[in-house]
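Structure assessment
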Amino acid sequence: MKAENVLRYPLATEKAVRLMEAENKLLFLVESKAKKADVKIAVEKTFDVKVDKVNIYTNNKGERRAYVKL
């Protein structure tokens with residue numbers, strides 16, 4: 001999967017802002033077929049940062065969220 005097609009948009013909810021401040025994590029809505037490695041490469045290329053860890057959560061609506069630890 002191409003890096004520019006993986007990330008849809010960053011989420012800016014209250015929980016996401018708390019994660020940014022407390023744990024240095026970003027929260028993105030990603031494509032439904034995206035894997036952890038795809039998300040890691042896309043974030044590193046897009047924002048020129050080093051990613052430590054990626055967790056992906058799929059909710060009951062079928063949306064996938066990626067929690068990216070920098």
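Everything here concerns the structure above.
Residues numbered from 1 in each chain as written. Predicted model: local features only at pLDDT ≥ 70, side-chain atom pairs only at ≥ 80, totals over all residues. Heavy atoms only, no water.

Topic: the environment of Tyr57
Formally: We count a stretch as a helix when DSSP gives it H or I for four or more residues in a row; a strand needs E for two or more, and each element gets its number in order from the N terminus. By definition in these notes, contact holds between two residues if any of their heavy atoms fall within 4.5 Å.
Residue placement: Tyr57 occurs in strand E3 (residues 53-58). Spatially, the C-alpha atoms of Tyr57 and Asn24 are 18 Å apart, while their sequence positions differ by 33 residues. With residues near it in sequence (within four places) discarded, Tyr57 still touches Glu63, Arg64, Arg65 and Tyr67.

Quick notes on the pattern of salt bridges
Formally: Should a side-chain nitrogen of Lys or Arg be within 4 Å of a carboxyl oxygen of Asp or Glu, the pair is scored as a salt bridge. Note on classification: 1.4 Å probe, protein chains only; a residue is buried when its accessible area is under 20% of the maximum for its type, exposed when over 50%, partly exposed between these limits.
Scanning all chains against the criterion turns up 2 salt bridges. The residue Glu31 makes a salt bridge to Arg8 at a minimum N-O spacing of 3.2 Å. In this pair, Glu31 sits in the loop between strand E2 (25-30) and helix H3 (36-47) while Arg8 sits in strand E1 (residues 7-10), placing the two residues 23 residues apart along the sequence. For Glu31, a relative accessible area of 26% gives the class partly exposed. Two residues, Glu23 and Lys25, come together in a salt bridge whose shortest N-O distance is 3.3 Å. Since its relative accessible area comes to 37%, Glu23 is described here as partly exposed.

Comments concerning the nonpolar core
To keep things clear, this is the line we draw: Throughout, nonpolar core names a set of buried Ala, Val, Leu, Ile, Met, Phe, Trp, Tyr and Cys residues whose side chains join them through atoms within 4.5 Å.
Counting 12 residues, the largest nonpolar core is built from Val6, Leu7, Phe28, Val30, Ala34, Val39, Ala42, Val43, Val51, Val54, Ala66 and Val68. Elements with a minimum of two residues in this core: E2, H3 and strand E4 (64-69). Examining the composition of this core, we find that 3 residues originate from one element, H3, more than from any other. Apart from the residues lying within four places of it in its own chain, the contact partners of Val43 are Leu7, Phe28, Asp48, Val49, Val51 and Val68. Ala16, Leu19, Leu27 and Tyr67 belong to the second-largest nonpolar core, a separate cluster that totals 5 residues.

Some points on H3
Selection criterion: Residue count minus one, scaled by 1.5 Å, sets the expected span of a helix. Summarising the geometry, the arc corresponds to the directions from the helix axis toward the C-beta atoms.
Here H3 spans 16 Å end to end across 12 residues, near enough to the 16 Å set by a 1.5 Å rise per residue. What H3 keeps buried is the set Asp38, Val39, Ala42 and Val43. Along the long axis of H3, the arc covered by the buried residues comes to 125 degrees, so they all point the same way. Remark: Asp48 follows H3 within two positions and exhibits a positive phi of approximately 55 degrees.

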